[in-house]
Amino acid sequence: MNKENSMSQGDGVDSLYAMTTEEIEECRKHLMIGGGTRGGPVLHHGKGVRVWDIDGKSYIDCTSQSWALYLGYANDEIWQAVQQHARRLTHVHQGFDTLPRFALARKIASIAPPGMSRVSFVPTSALALEGAMKLALKNRPQSANFLCLWDSYHGTTLGTMGASWITTRSNGQYVGGSRFLPLTRQCVRAPNPYCYRCYFGQKPETCDLMCAKMLDLTILKGVNGPPAGLLMEPLQASGGQIIFPRRYVEAVREICDRYGIPLVFDEIQTFVRIGKWTAAEYYGVTPDFLVLGKAVGGGLPLGVTIVRDGLLGYDPDTEELHTFANNSLSQVASLKLLEIIERDRVLDSVNRIGEYFKEGLLRLQAEFPEMGDIRQVGLHIGVEFVKDPESKLPLEAETKKIRDEAMRRGVIFGLAGVRRNLLKIKPPLIIGREECDEVLRILGDSMQAVFR
Ligand SMILES: Cc1ncc(COP(=O)(O)O)c(C=O)c1O
């Protein structure tokens, strides 16, 4: 390890960062992980949009670490708030009230769509979605199955895994999620509106929303009993950064209303990143349950379930109880994050810089037609790589090579799409134009190395 790289702040962890290469390899043998794209660098420290590895190499991180660090690495204001609060309280049992929890509940209710004013906290995103599933079941007695969309991803807890594409053969083979079927059978799927490869051969100009009609038919003919709810990412992330047409989202709301099916928006990735507080606001469609996670904790673990007024919420008889559901540190970090987003007009800059990114990507596309589709809303950006625009043959191996080339050159991109031919560009929301230019230049160089 590069010793010069040690931050040496006398912060009580210096000795940990003095680990030798041999020690690292010894430790590696004991570690078991169940997912995530491996093979990247061992990370050492980060600041803003950049992260450094243990050899001192720096990267612009266009993954924001699972898309969760909206203000980048080591935001001073967040960490000061967390450090100060750590002297008062860290972990608190869910049954005790605290002022940060009160304040955060009120704050989240103020940014949620009107008419969604009750908020519950859990330790992480997928648990918050399971919370919405519980409440949907509670509000729909006699229901058992959920609806979800093709290629959606909602997590890997046993409750959410059955709604994630990883239990299907979407990417050509059965992967991890398909091994736990006895406990993940509660979902029935309907087509997603994947307009770039419309399953019904329709063109955007003449589309008559066959996917929404299929949802309607699935409800009528494909589900045993009344569906408990429809789980939906209003813009699909892991499935391929797929932006749903507004007409489709409106049609889904109408269908759910017609059949009395609770609509659950999984906004774990869309929240703020799409340049609005929520996708509900972006589409002008209010769900019955709205779920936040990932970045909402300001870099610390936090999941949030928000319930529409008039629906049953939790009763305090152990419907939802978690040891770490009342994490003061996450709540304080979240409050600081939300304060900074408002104060620094982060939503405006997400829209501006997202457009700037898109213009740069379109310029690259003129040179590289393999960039088959560029899908951008705010800083929720994906590029789908294909052999050529006509055949749209997915380029899985090449996309991975581009990712690897970019990593070598100092930019970390995400890989996604059920065909693994999608590069995800989702940097911290504080990225500036110069850093965007650097990302675009390195993307161009990486494509040059792979395609020419
Ligand atoms: C849309 C969406 N929902 C749910 C989850 C699960 O979140 P977590 O892994 O934080 O529980 C993810 C994670 O990637 C996600 O992208």
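Use the structure listed above.
Below is a short write-up of the structure.

1. Remarks on the packing of helix α11 (residues 346-367) against helix α13 (residues 433-451)
Here is step 1: As a packed pair, α11 and α13 sit with axes 10 Å apart at the nearest point and diverge in direction by 25°. As judged from the angle between their axes, α11 and α13 are roughly parallel. Where α11 crosses over α13, the handedness of that crossing is right-handed. On α13, the residues touching Ile353, Tyr356, Phe357, Gly360, Leu361, Leu364 and Glu367 of α11 are Arg433, Cys436, Asp437, Val439, Leu440, Leu443, Gly444, Met447 and Gln448.
Here is step 2: Split into classes, the residues belonging to the contact of α11 with α13 amount to 10 nonpolar, 3 polar and 3 charged.

2. A closer look at the site of the ligand
Here is step 1: All residues in the neighbourhood of the ligand are listed as Thr124, Ser125, Ala126, Tyr153, His154, Gly155, Glu233, Asp266, Ile268, Gln269 and Lys294.
Here is step 2: Between the ligand and the protein, one listed contact pairs a nitrogen atom with a side-chain N or O atom of Asp266 at 2.6 Å.
Here is step 3: In isolation the ligand has 390 Å² of accessible area, and contact with the protein removes 82% of it.
Here is step 4: Per-class residue counts for the shell around the ligand are 3 nonpolar, 5 polar and 3 charged.

3. A few points about the side chain of Thr278
Here is step 1: Mapped onto the elements of the fold, Thr278 is located in the loop between β10 (263-266) and α9 (279-283).
Here is step 2: Those residues in contact with Thr278 that sit more than four places away from it in its chain are Ile111, Pro113, Glu267 and Leu290.

4. Considering the sheet that holds strand β11 (residues 289-292)
Here is step 1: Taken in spatial order, the 7 strands make up an open sheet running β4-β12-β11-β10-β7-β5-β6, and their pairing is mixed. With partners counted over all chains shown, the strands left at the sheet margins are β4 (118-122) and β6 (187-190), one partner each. Within this sheet the neighbouring strands show an average axis-to-axis angle of 20°, counted without direction.
Here is step 2: As judged from the 3 bridges shared by β10 and β11, these two strands associate in the parallel manner. By the bridge assignment for β11, Val264 is matched with Phe289.

5. Considerations on the nonpolar core
Here is step 1: In this structure, Leu230, Met232, Tyr248, Met371 and Leu443 are the most contacted members of the largest nonpolar core, which totals 95 residues.
Here is step 2: Among the elements that take part in this core, α11 stands out by supplying 8 residues, more than any other.
Here is step 3: Split by domain, this core shows at least three residues from each of two domains, domain 2 (41-62 + 345-451) and domain 3 (79-343).
Here is step 4: Beyond its immediate sequence surroundings of up to four residues, Leu230 is in contact with Leu147, Cys148, Leu149, Leu215, Val252, Cys256, Ile261, Pro262, Leu263 and Val264.
Here is step 5: Within the second largest apolar cluster, 19 residues are counted, among which are Leu127, Ala128, Val291 and Val307.

6. Side note on a nonpolar patch on the surface
Here is step 1: A cluster of nonpolar residues, Val13, Leu16 and Tyr17, forms a patch on the protein surface that exposes about 240 Å² of accessible area.
Here is step 2: Tracing the backbone through its elements, the reader meets Val13 in the segment before α1 (21-28).

7. Brief notes about the packing of aromatic side chains
Given two aromatic rings, one states the distance between the centres and the angle between the planes to describe the pair.
Here is step 1: The full count for this structure, using the stated rule, is 8 aromatic pairs.
Here is step 2: Their ring planes at 65° and their centres at 6.2 Å tell us that Tyr194 and Tyr199 sit as a pair that is edge-to-face.
Here is step 3: Look at Tyr194 and you get buried, because its relative accessible area is 5%.
Here is step 4: When its relative accessible area of 32% is taken as the criterion, Tyr199 is described as partly exposed.
Here is step 5: Geometrically, the ring pair formed by Phe271 and Trp277 is tilted, given 6.3 Å between the ring centres and 35° between the ring planes.

What counts, and at which threshold
- Residues numbered from 1 in each chain as written.
- Predicted model: local features only at pLDDT ≥ 70, side-chain atom pairs only at ≥ 80, totals over all residues.
- Heavy atoms only, no water.
- Axes fitted to C-alpha atoms, helices over the stretch in contact; angles between N-to-C directions.
- Helix = DSSP H or I, 4+ residues; strand = E, 2+ residues; numbered from the N terminus.
- Parallel < 35°, antiparallel > 145°, perpendicular 65-115°, else oblique.
- Left-handed = near helix turned anticlockwise from the far one by under 90°.
- Contact = heavy atoms within 4.5 Å.
- Nonpolar A, V, L, I, M, F, W, Y, C, P; charged D, E, K, R; others polar.
- Near = heavy atom within 4 Å.
- Polar contact = N/O pair within 3.5 Å; in protein donor to acceptor, adjacent residues only side chain to side chain.
- Areas by Shrake-Rupley, 256 points an atom, 1.4 Å probe, with all protein chains shown as cover.
- Pairing = 2+ DSSP bridges.
- Core = buried A, V, L, I, M, F, W, Y, C linked by side-chain atoms within 4.5 Å.
- Buried < 20%, exposed > 50% of the residue type's maximum accessible area, 1.4 Å probe, protein only.
- Domains from an automatic or database assignment.
- Patch = residues over 30% accessible without salt bridge, like charges linked within 9 Å, V, L, I, M, F, W, Y side chains within 5 Å.
- Salt bridge = Lys/Arg side-chain N within 4 Å of Asp/Glu carboxyl O.
- Phe/Tyr/Trp six-rings, centres within 6.5 Å; stacked < 30°, edge-to-face > 60°.

Coordinates in, geometry out; function isn't part of it.
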